[in-house]
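# Structural characterization, general
Chain by chain, the residues run as shown.
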Amino acid sequence: AQSVAQPEDQVNVAEGNPLTVKCTYSVSGNPYLFWYVQYPNRGLQFLLKYITGDNLVKGSYGFEAEFNKSQTSFHLKKPSALVSDSALYFCAVIPLGGGYQKVTFGTGTKLQVIP
Amino acid sequence: KAGVTQTPRYLIKTRGQQVTLSCSPISGHRSVSWYQQTPGQGLQFLFEYFSETQRNKGNFPGRFSGRQFSNSRSEMNVSTLELGDSALYLCASSLGKQGSTEAFFGQGTRLTVV
């Protein structure tokens with residue numbers, strides 16, 4: 001069975017500092033990996049995804065994530081945090097070849113950017 | 001291209017009542033998935049409908065049911081509401097095909113059971 005772990009319930013970072021939100025996964029074979037962001041009382045918004053190719057994926061709003069197969073990780077990063085980045089972030093995985101109906105989400109990490 | 005529309009945005013119901021939530025997917029998308037989101041349990045998968053058939057089901061009691069219409073719009077029904085059913089209910093729309101990796105979420109329906 002596939003699974004996604006987001007080990008930190010909350011991450012606090014000062015505005016202007018780099019941020020990292022961690023995600024590790026367990027799935028048979030190569031995965032499709034995703035990051036979503038959720039603002040209060042809103043749905044999930046797509047940030048970026050890894051399907052194949054370059055391990056460094058660039059997404060919306062200046063976010064990027066690095067796929068590390070040996071560590072089975074897909075950490076979300078941003079060089080300089082903004083207060084407006086404060087939100088809930090979800091990592092998700094789909095097994096290779098599977099459609100979105102097979103997605104598994106992590107438990108979410110709350111990012112708090114401090115002015 | 002219109003996004004995923006969930007109605008209503010907010011609902012307040014009393015225990016024991018039933019409720020129906022609606023999700024209109026993106027045009028051309030045939031798969032609709034439903035999720036329950038609570039602070040304690042995170043995002044939990046309820047079920048997925050594809051071409052009017054329930055294709056996948058999560059671990060929820062039978063009080064939670066759904067259906068999908070020929071135009072791919074989906075409804076979710078919760079009967080005999082309990083306080084613990086208070087949550088944000090999200091739906092996601094996707095093509096539903098093997099290898100399809102794009103999905104779009106609605107803004108959710110906030111259900112409060114009192």
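Presented here is a report on the structure given in the accompanying data block. Because the structure is predicted, anything quoted here is derived from the model rather than measured.

## Re the sheet that holds strand β8 (residues 74–78) of chain B
Residue and element names in this part refer to chain B. A sheet is described by the order of its strands in space; here four strands give the open sequence β1-β3-β8-β7, paired in antiparallel fashion. Two strands in the sheet have a free side with no partner beyond their single neighbour: β1 (5–7) and β7 (64–68). Neighbour to neighbour, the strand axes of the sheet diverge by 15 degrees on average, direction disregarded.

## What to know about the state of the cysteines
Joining two cysteines, a disulfide is a covalent bond between their sulfur atoms. Residue and element names in this part refer to chain B. With the rule as written, the count across this model stands at two disulfides over all chains. Each sulfur in the disulfide pair C23 and C91 lies 1.9 Å from the other. As the torsion about the S-S bond is roughly 70 degrees, the C23-C91 disulfide counts as right-handed. Of this pair, C23 sits in strand β3 (residues 19–24) while C91 sits in strand β9 (residues 87–94), and the two are 68 residues apart along the sequence.

## Considering the side chain of Q37 of chain B
Relative to the helices and strands, Q37 of chain B resides in strand β4 (residues 31–38). A distance of 2.7 Å separates a polar atom in the side chain of Q37 of chain B from a polar atom in the side chain of Q38 of chain A. Setting aside anything within four residues of it in sequence, one finds Q37 of chain B in contact with Q38, L88 and F90 of chain A together with G42, L43, A87, L88 and L90 of chain B.

## What about unusual backbone geometry?
The step from T7 of chain B to P8 of chain B runs through a cis peptide bond, and the omega angle for that step is -10 degrees. You can see P8 of chain B is positioned in the loop between β1 and β2 (10–13). You will see that T72 of chain A, though not glycine, has its phi angle at about 45 degrees, which is positive. Inspection of the secondary structure assignment puts T72 of chain A in the loop between β8 (64–68) and β9 (73–78). In this model, T80 of chain B sits at a positive phi of 45 degrees, which is unusual for a non-glycine residue.

## Some thoughts on the packing of aromatic side chains
Applying the stated criterion to the full structure yields 14 aromatic pairs over all chains. Ring centres of Y36 of chain A and F105 of chain B lie 5.6 Å apart, and the angle between their planes is 75 degrees; on these two criteria the pair is classed as edge-to-face. Placement of Y36 of chain A in strand β5 (residues 31–38) and of F105 of chain B in strand β10 (residues 103–105) is noted, with the two residues assigned to different chains. For Y36 of chain A, a relative accessible area of 1% puts it in the buried group. Pairing Y35 of chain B with F105 of chain B gives two aromatic rings, centres 5.9 Å apart and planes at 40 degrees, and the pair type is tilted. Taken together, the positions of Y35 of chain B in strand β4 and F105 of chain B in strand β10 put the pair 70 residues apart, joining distant regions of the chain.

## Quick word on the pattern of salt bridges
Going through the model one piece at a time under the given rule, you end up with seven salt bridges over all chains. For D85 of chain A, the salt bridge identified is with K78 of chain A, shortest N-O distance 2.8 Å. Relative accessible area serves as the criterion here: at 7%, K78 of chain A is assigned to the buried category. For R63 of chain B, the salt bridge is made with D85 of chain B, and the minimal N-O distance between the two is 2.8 Å. In this pair, R63 of chain B is assigned in the loop between β6 (53–57) and β7 and D85 of chain B in the loop between β8 and β9, connecting sequence segments 22 residues apart. Residue R63 of chain B is classed as buried on the basis of its relative accessible area of 16%. Overall, the relative accessible area of 4% leaves D85 of chain B in the buried class. A cluster of three or more residues bridged by salt bridges with shared partners is formed by R63, E82 and D85 of chain B.

## What about the environment of G16 of chain B?
Locating G16 of chain B in the fold gives a position in the loop between β2 and β3. Look at G16 of chain B and you get partly exposed, because its relative accessible area is 46%.

## A closer look at the side chain of S22 of chain B
Residues and elements named next belong to chain B. Within the secondary structure, S22 is located in strand β3. S22 gets classed as buried once you look at its relative accessible area, which sits at 11%. Within the structure, S22 has its side chain in polar contact with the side chain of R73 (distance 2.9 Å). Not counting residues up to four positions away in its chain, the partners in contact with S22 are T5, Q6, T7, W34, R73, S74 and E75.

## Looking at the nonpolar core
Residue and element names in this part refer to chain A. Formed by 27 residues in total, the largest nonpolar core has its most connected members in W35, L47, L48, F74, L76 and Y89. Where this core is concerned, the elements lending two or more residues are β2 (10–14), β3 (19–21), β5, β6 (44–50), β8, β9, β10 (87–95) and β12 (109–114). Here this core takes four residues from β10, the largest share from any one element.

Definitions and limits used
- Residues numbered from 1 in each chain as written.
- Chains lettered and ligands numbered in written order.
- Predicted model: local features only at pLDDT ≥ 70, side-chain atom pairs only at ≥ 80, totals over all residues.
- Heavy atoms only, no water.
- Pairing = 2+ DSSP bridges.
- Helix = DSSP H or I, 4+ residues; strand = E, 2+ residues; numbered from the N terminus.
- Axes fitted to C-alpha atoms, helices over the stretch in contact; angles between N-to-C directions.
- Disulfide = S-S within 2.5 Å.
- Polar contact = N/O pair within 3.5 Å; in protein donor to acceptor, adjacent residues only side chain to side chain.
- Contact = heavy atoms within 4.5 Å.
- Phe/Tyr/Trp six-rings, centres within 6.5 Å; stacked < 30°, edge-to-face > 60°.
- Buried < 20%, exposed > 50% of the residue type's maximum accessible area, 1.4 Å probe, protein only.
- Salt bridge = Lys/Arg side-chain N within 4 Å of Asp/Glu carboxyl O.
- Core = buried A, V, L, I, M, F, W, Y, C linked by side-chain atoms within 4.5 Å.

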